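# Fold and contact review
So the chains spell out like this:
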Amino acid sequence: MRGIQILGAGECGLPLALRLRHSGIPVTLVTDRDAAAVLSGSVTSTQLKFQPTLDLESRAGLGIWRSIAPRVQGIRFSLVVDGNLVSGWAGRLSEPAQSVDQRTVFAHWLADFAATGGDLEVAELSVPQLDRRTAEYDLTVVTRASRDLAACFPADPSWSVPTAPMRRLAVLYLDGVEPDPDGLGNYTALPGHGEIISYPGLTGPPGQERRCEMLLFEGLPGSGLDVFAHTVPAERLPRAEHLLRQYLPAALADRYRNAELTDSGATLVGAVPPTMREPIGTLPSGALVLGGGDVVCRMDPGGAQGANSAAHCAAQYSAAILVNPTGPFDRAWMTSAAQPWLTAIAHPAAHWTMAVLDPPPAVRELMQAAQHDTALADAFAETFVRPANMVKFAAAAPAESPDADAYVDTAPH
C-alpha cells in the first residue's frame, strides 16, 4: 500500500498515527512543529481526560502518565454571586480523571512516532499543495486545518450553532496552588460573567514532569472576566490574581495566594467559535479527504470534551482502517468510518457542552437540586465522562423536579 497521510499532530492525529504504525501501516504525519518546538512553546489548551479515554490510551500503549498524573476525583461546583457562595456541592466520578500538559504529551508521542519509523514532515501545506499530494497516498486524514482547508469541509446542515464564541478564554498553568482538599476539580459559575475552572495536572518535559494547577477563565464576551484580550504573557497572572480576589469567596481565592506560572509559555488567551462540519472534505481537484477531531466538531473547552472526543476519533478511524488496510477509502467508506464516532461521541459531547455553557431552565434546576442530593451531584459529574448518557442525569433528579428530563431535547439536532 502507498500509506496514510495525516495532517495535524494533536490529540487526534498523533494517536491515529501511532496506532497505525504499531500495526505496520506506512504513515506520513504532517505538522507545523517538531517536538522541541512544542516543548518550548506556549500551552495549547486545557484538557481533562476521563476514564474511557484513559482506558483507550492505556490499551494502545499511549497512557504512560496514568500512574503519575494527579487524580481528579470529581467536580466541586460553586455558584457565586458578588463574591458570596450561593450554593455548592461535590460530585464524585466513578473513576478519576487526569490531565497532562499537551506539550508534554505531544513531544513524547512525536518521539515515539519517529521511533516506529514513521515519516514526520514539518511543514504547513497550502490547499493546492495538499491537493497535489493526495494521489500519493491511499487516504488523507485532516485533524488540523487552516481556514482555507477547513472551508473544504461543508458545514453540517443538521446543526445550528452560535456564529461567535460563547466565551473569551484565558488559560494559566500554575505552580504553588494549594491542592483541593478532596482531590476535586473546581467549577465556579459566576452568573453574568462566566466560569472559573481549575484542576490539578502534570507539566514539564518528558521524564521531568511535575504537578501543577491548570486554571481556565471562561468569560462571557464583554463581562468582567473578559479582560485578557490583547495582553502580553507577563500581564496575565496579575490580571488573573485580581479576578480571583474580586469574584471568588476568600476561601476559594486564597488557594492561589502563592501562585506562579510554571514556565514562560504557561499562558494562552483566545476564543473558540463552535464548529460542526461534515466529516468528508473535497479538495479543488475533487479528491476526498477525511476530517477528524476539531476539524469536524470543535467546542469550547468549558465542556471538557475536546481531548476526549479527539482520542475516540483516533481509535475509531484506526480500527476502520485496519479492518481493510488496502481500502478502497472512498466516500462510502469515509461515511461509515466517521458515523460511529459522530453518533456516539462527538455529537453528544457538543450537545453537553452547549447545555453546560448555556443551561436551559431544567438543567439549572437540576444543578441547584444537586446540593441536596448526592446521587444527582454524582450524576452531573459523570455526565462529563459520558455525555451520551445525559438522560441519566435527569433520571437521578428528585421526582418533584418539574420537567426534569426536558433538557434532553433542547440541544440542536
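Counting of residues starts from 1 at the beginning of each chain's written sequence and follows it residue by residue. Totals for whole chains, interfaces and linings use every residue, but because this is a predicted model, local features are given only for residues with pLDDT of at least 70 and side-chain atom pairs only at 80 or more, for both listing and counting. In computing side-chain properties, one takes all heavy atoms of the structure into account and sets aside hydrogens as well as water.

Under an unreviewed UniProt entry, the protein has the name Styrene monooxygenase StyA putative substrate binding domain-containing protein and belongs to Nocardia vinacea.

### Re the overall build of the protein
Put simply, DSSP marks the helices as runs of H or I at least four residues long and the strands as runs of E at least two long, and each gets a number from the N terminus on. When you go through the protein residue by residue, the secondary structure sums to 13 helices and 16 strands. When its C-alpha atoms are laid out on the principal axes, the protein stretches across 60 × 45 × 40 Å. Burial status across the protein gives 57% buried among its 413 residues. Note on definitions: a residue-residue contact is assigned when non-hydrogen atoms from the two residues lie within 4.5 Å. The contacts of the protein with a sequence gap of at least 6 include a subset with a gap of at least 24, amounting to 76%. Each accessible area is a Shrake-Rupley estimate made with a 1.4 Å probe; only the visible protein chains count as cover when residues are assessed. Split by element, the accessible area of the protein, about 16,700 Å² in all, is 53% carbon and sulfur. In summary, the charge assignment counts Lys and Arg as positive and Asp and Glu as negative, without counting His or the chain termini. By convention, the charge on Lys lies at NZ, on Arg at CZ, on Asp at CG and on Glu at CD. In the protein, 30 positive and 44 negative side-chain charges are present, and the distance between their average locations comes to 3 Å. Accessible area is worked out with a 1.4 Å probe on protein chains only. A residue is then buried under 20% of its type maximum, exposed over 50%, and partly exposed in between.

### Observations concerning empty space enclosed by the protein
Both cavities and pockets are sets of points on a 1 Å grid over the protein atoms alone; in a cavity a 1.4 Å probe fits but cannot get out, in a pocket the set is open with protein on both sides within 12 Å along at least five of seven lines, and lining residues sit with an atom within 4 Å of a point. Grid points are joined across faces, edges and corners, and a volume is the space filled by probe spheres set on the points. Counted by the stated rule, this structure contains two cavities of 30 Å³ or more. What the largest cavity holds in volume is close to 130 Å³. Lining the largest cavity are 13 residues, with Lys-49, Leu-54, Glu-57, Trp-65 and Val-100 sitting closest to its centre. For the lining of the largest cavity, the secondary-structure elements that each account for two or more residues are helix H3 (51-59) and helix H4 (102-115). The element best represented in the lining of the largest cavity is H3, accounting for three residues. Gly is placed with the polar residues, together with every amino acid not listed as nonpolar (Ala, Val, Leu, Ile, Met, Phe, Trp, Tyr, Cys and Pro) or charged (Asp, Glu, Lys and Arg). Of the residues belonging to the lining of the largest cavity, the class tally is five nonpolar, five polar and three charged. Volume-wise, the second largest cavity comes out at about 70 Å³. Looking at the second largest cavity, the residues that line it are Asn-186, Thr-188, Ile-196, Ile-197, Ser-198, Leu-215, Leu-248, Leu-252, Arg-255 and Tyr-256. Within the residue set of the lining of the second largest cavity, elements represented by two or more residues are strand S8 (185-190) and strand S9 (194-203). If you tally residues by element for the lining of the second largest cavity, the top one is S9, at three residues. Looking at side-chain class alone, the lining of the second largest cavity contains six nonpolar, three polar and one charged residues.

### Focus: helix H9 (residues 306-323)
For a helix, the expected span equals 1.5 Å multiplied by the number of residues minus one. Taking 1.5 Å per residue as the helical rise, H9 with its 18 residues ought to reach 26 Å, and the 26 Å between its terminal C-alpha atoms agrees with that figure. Across the 18 residues of H9, 13 count as buried, placing the element largely inside the fold.

### Section: helix H1 (residues 13-22)
Taking burial as the measure, the 10 residues of H1 include nine buried ones, the bulk of the element. Considering only its buried residues, H1 is in contact with strand S1 (4-7), strand S2 (27-31), H3, H4, strand S6 (139-142) and H9. Directly beyond the C-terminal end of H1, a positive phi value near 85 degrees is found at Gly-24.

### Focus: the sheet that holds strand S14 (residues 280-282)
Strand pairing in a sheet takes place through backbone hydrogen bonds and is either antiparallel or parallel in direction. Strand pairing is assigned whenever DSSP identifies at least 2 bridges connecting the two strands. Here six strands make up an open sheet; going across it, the order is S5-S2-S1-S6-S15-S14 and the pairing mixed. Strands at the two margins of the open sheet, each flanked by one partner only, are strand S5 (119-122) and S14. For this sheet, the mean angle separating the axes of adjacent strands, direction not counted, is 25 degrees. Across three bridges, S14 lies against strand S15 (residues 288-291) in antiparallel orientation. Note on definitions: angles span 0 to 180 degrees between N-to-C directions of axes, and those axes are lines fitted to C-alpha atoms, for helices only across the stretch in contact.

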